[in-house]
Amino acid sequence: MGNRSLAAPLAALLTLVWLAPAAAHAPEAHHVVMQAGPYPVEVGFSEWPPLAERSLDITFTPEGGIEGKTATLTMVGPEGTDFQNSGPLGRHPRQRDRWGLDLIALPAEGTWTMEVEVEGPEGAGTATVGPIEVGPRPGPPAAAAYLVGVLPLVAVVGLVVAGWRRVRPAETSDARSWA
Amino acid sequence: MATTVPGIPTVPHPVLASSASRVRARAGVPMLVGVLCSFLGFAWDIQWHVDVGPDTFFTAPHLVLYSGIAVTGLVCLAVTLLTTAAARRGDPAALVGTAAAFGSYRAPLGYLVGGFGALSFLLYGLLDQWWHSVYGFDVAIVSPPHVGLILSIFVTMLGGLLVFAGEVRRTERPTPGAAVRFAAAAAILFAFLTPTVLDTLPWFVGPISWPGVATSLLYPAMLLLVASTLRLIGAATLAAALFLLLQAVSWVTIPWVTREYAEAIGLFLRDTTANRPVVPGMLPSFLLVAALAVDGLVWAFRRNRLPVRFGVPLAGAVAALVLNLLQPVPPLYFIGPDAPAEFLAMVEAMTSATRIPTVVVAVIVGAVTGWFGWRLGVVLRGTTGPAPTGLASAVQPTAVPAGVAK
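Residues numbered from 1 in each chain as written. Chains lettered and ligands numbered in written order. Predicted model: local features only at pLDDT ≥ 70, side-chain atom pairs only at ≥ 80, totals over all residues. Heavy atoms only, no water.

Per an unreviewed UniProt entry, chain A goes by the name YtkA-like domain-containing protein and belongs to uncultured Thermomicrobiales bacterium.

And the structure:
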């Protein structure tokens, strides 16, 4: 009886763990078509306008598909090249017919540009997407939010200080002895 | 039999009292399992984000992480309730080695700390769900709710460390089981802290390599904390061997299980990932060598009756030197054929430019944190067991009722 009553919630949980990640997929909110040499490339954004630090997916679909082509992305923001989001483009994990970045965030508010270099059977070409105006970071002020986040550390420091003051290790022979 | 806990009525109940002691004697193992699962779930979750990506609350790595915390939290809750109930029923033995929380709840300090960590984890988990509604799903490991979650896991693991320090102090010399559990808890705690500490600053701060300094902040402290708490020959080496085992097991299993789970649910590794171990790849690879050096120095100083005040900072400095010379930067998981050439060149240039200043800073930092680790060990010994020698009057960490023999 006990086993049976546990079985249903467990099965539901396992189903979620099985199905939920595969279902996570952002719809496209905005797209532009750019010309990278001989290749028209559709660039899609899952969030528009993008906001600093808010996650989004960006996809790149060359006309005729990605088969036989490679692409490299360079993202340049107000603070220079964003190395974390630049590099060779891979297929988008849930839309494998196109290249894409999933769950990235542009770290800074301001003007961004993206250079997409496409190589394929008809040669190479580069498209520059932008300027993209990235809006301000949403949500509460970062400092206040981090203050809430570090509260457990304050508790740990308090605990260590309390333990230290109670034991006063400097005055113990325990601290001065190897044994 | 009366207790001295104010406000707690006394009702003799030997069966409950003995069950409290029984549960406490056996709670260490599930506590360690919970802490281990928390680390493995955390490392798997990061690997999942890097290699596969899509995130909802219901992923298998989250299941392992949350189960680990849940097990730890429930163990802490059970021990606290049983100890409190035993105290209420007038069993003074149940009060030995306990501390109070919320007035009348009592448990060994480690279980109280671990329980608060698990509770705090739950609250930050709720905050994280709200955060996702504002910022979308996870992009970075460092966000305010993640900092809260990670620190809550840290508090839970610290609770584990206190529990095992209490086990170590239960006997005159630590039993082998207690020594292994304490060393394992320390290894898991420091392995868990490493990725977060590495992520708090840019990897190159002026002429200094942050991973080099961060390694020296953490590991000399870990080795000397274990040496100080256990006071056994080879204590640091024991902790480093368990650390190496944890690193090896997670190095092999975490990328593998990430691939298998993705495949099983119809997802794919990113084209741009190499499926390299992320968290295990951030852990220092030569801790065993550093630990052998620490234990060798401790042994030589002890044998020749040389002072602790020189030996401990020296051992910390040597540990930092060994770690930095053998591995100037951790095996950065993202450096490989798929990393941009410009980035690789930058890392190479900065690594060679920062080597000497980093070693100098790391050695100084290692001496200080080694000293801190040793002193922290003394504090752990004092708060979880009998008073340290030489200061019996100042330390009565546990509320032992008057007239009760320890």
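On we go from here.
(A) Representation of the overall build of chain A in the model. Along its length, chain A carries 4 helices and 9 strands. In chain A, the succession of helices and strands from N to C terminus is α-β-β-β-β-β-β-β-β-β-α-α-α. The buried share of chain A, reckoned over its 179 residues, is 40%. Residue pairs in contact within chain A that sit at least 24 positions apart in sequence constitute 56% of those at least 6 positions apart. Carbon together with sulfur atoms contributes 60% to the accessible area of chain A, which is approximately 9,200 Å² in total. (Helix = DSSP H or I, 4+ residues; strand = E, 2+ residues; numbered from the N terminus. Buried < 20%, exposed > 50% of the residue type's maximum accessible area, 1.4 Å probe, protein only. Contact = heavy atoms within 4.5 Å. Areas by Shrake-Rupley, 256 points an atom, 1.4 Å probe, with all protein chains shown as cover.)

(B) Representation of the overall build of chain B. On a plain count of helices and strands, chain B comes out with 12 helices and 4 strands. Within chain B, buried positions represent 57% of all 406 residues. Counting every atom, chain B has about 16,100 Å² of accessible surface; 71% of that belongs to carbon and sulfur.

(C) Spatial organisation of the environment of Val 79 of chain B. For Val 79 of chain B, the location among the structural elements is in helix H3 (residues 60-88). The sequence separation of Val 79 of chain B and Leu 112 of chain B amounts to 33 residues, and the corresponding C-alpha distance is 9.0 Å.

(D) A look at the interface of chain B and chain A. Taken together, the contact between chain B and chain A spans 74 residues of the former and 56 residues of the latter. Here chain B packs against chain A, burying approximately 5,500 Å² in sum over the two surfaces, 69% of which is carbon and sulfur. Three residues, Phe 58, Tyr 135 and Asp 271 of chain B, lead the burial of chain B against chain A; their summed loss comes to 12% of the area buried on that side. Applying the counting criterion to the chain B and chain A interface returns 3 salt bridges. Residues Arg 381 of chain B and Asp 174 of chain A are paired through a salt bridge, measuring 2.8 Å at the closest nitrogen-oxygen approach. (Buried area = accessible area lost by both parts, 1.4 Å probe. Salt bridge = Lys/Arg side-chain N within 4 Å of Asp/Glu carboxyl O.)

(E) Looking closely at the confidence of the model for chain B. Residue and element names in this part refer to chain B. The predicted model of chain B has a mean per-residue pLDDT of 84, with 85% of residues at 70 or higher. Within chain B, the element-level pLDDT minimum falls on helix H1 (residues 14-26), averaging 66, and the maximum on helix H10 (residues 287-303), averaging 97. Predicted confidence is poor over residues 1-17, with pLDDT under 50, and the contacts of this stretch with residues over four places away or in other chains come to 31 contacts. Within the model, pLDDT remains below 50 along residues 389-406, and this stretch shows 34 contacts once partners closer than five positions in the same chain are excluded. (pLDDT = per-residue confidence, 0-100.)

(F) Structural context of the packing of helix H2 (residues 28-51) of chain B against helix H5 (residues 144-168) of chain B. Residue and element names in this part refer to chain B. Two elements in contact, H2 and H5, have axes whose closest approach is 10 Å; the angle formed by their N-to-C orientations is 150 degrees. Classified by the angle between their axes, H2 and H5 sit roughly antiparallel to one another. Regarding H2 and H5, the two cross each other, and that crossing is left-handed. On H5, the residues touching Gly 28, Met 31, Leu 32, Val 35, Ser 38, Phe 39 and Phe 42 of H2 are Ile 150, Ile 153, Thr 156, Met 157, Gly 159, Gly 160, Val 163, Phe 164 and Glu 167. (Axes fitted to C-alpha atoms, helices over the stretch in contact; angles between N-to-C directions. Parallel < 35°, antiparallel > 145°, perpendicular 65-115°, else oblique. Left-handed = near helix turned anticlockwise from the far one by under 90°.)

(G) The UniProt feature "transmembrane region" (unreviewed entry) in chain A, seen in detail. Here, UniProt's "transmembrane region" (unreviewed entry) annotation points to residues 143-164 of chain A. In residues 143-164 of chain A, the share of helix is 95% and the share of strand is 0%. The end C-alpha atoms are 29 Å apart. (UniProt positions renumbered as here; feature names shortened; annotations may be inferred.)

(H) Inspection of the pairing of strand E9 (residues 123-134) of chain A at higher detail. Residues and elements named next belong to chain A. Judged from the 10 bridges that link them, strand E8 (residues 110-120) and E9 form a sheet pairing that is antiparallel. Directly across from Glu 119, in E9, lies its bridge partner Ala 124. The hairpin formed by E8 and E9 contains 2 residues between the paired strands. (Pairing = 2+ DSSP bridges.)

(I) Layout of the pattern of salt bridges. Using the criterion set out here, one finds 8 salt bridges over all chains in the structure. A salt bridge links Arg 231 of chain B to Asp 174 of chain A; the nearest nitrogen and oxygen atoms lie 3.9 Å apart. Of this pair, Arg 231 of chain B sits in the loop between helix H7 (210-230) and helix H8 (235-264) while Asp 174 of chain A is found in helix H4 (residues 173-176), placing the two residues in two different chains. Considered together, Arg 231 of chain B and Asp 174 of chain A belong to a single accessibility category, that of buried residues. Connected through salt bridges with shared partners, the residues Asp 174 of chain A together with Arg 231 and Arg 381 of chain B form a single ionic network.

(J) Geometry of H7 of chain B. Helix length check: H7 of chain B (21 residues) gives 30 Å between terminal C-alpha atoms against 30 Å at 1.5 Å per residue, within 8%. The element H7 of chain B is largely enclosed, with a buried count of 20 among its 21 residues. (Expected span 1.5 Å × (residues − 1).)

(K) A look at the packing of aromatic side chains. Tallying each qualifying case throughout the model produces 12 aromatic pairs over all chains. Three or more aromatic residues joined by ring pairs form one cluster here, namely Trp 178 of chain A together with Phe 301 and Trp 374 of chain B. The positively charged end of Arg 96 of chain A is found above the aromatic ring belonging to Phe 268 of chain B, 3.8 Å away from the centroid. (Phe/Tyr/Trp six-rings, centres within 6.5 Å; stacked < 30°, edge-to-face > 60°. Lys NZ or Arg CZ within 6 Å of the ring centre and 35° of its normal.)

(L) Region of interest: the sheet that holds strand E2 (residues 39-45) of chain A. Residues and elements named next belong to chain A. One open sheet accounts for 4 strands, arranged E1-E2-E3-E7; its pairing is antiparallel. In the strand order of this sheet, the two ends are held by strand E1 (30-36) and strand E7 (99-104), each with one partner. For this sheet the average axis-to-axis angle between neighbouring strands, irrespective of direction, equals 15 degrees. Note: E2 against strand E3 (residues 56-62), 5 bridges, orientation antiparallel. When the sheet's bridge partners are listed, Phe 45 is paired in E3 with Ile 58.

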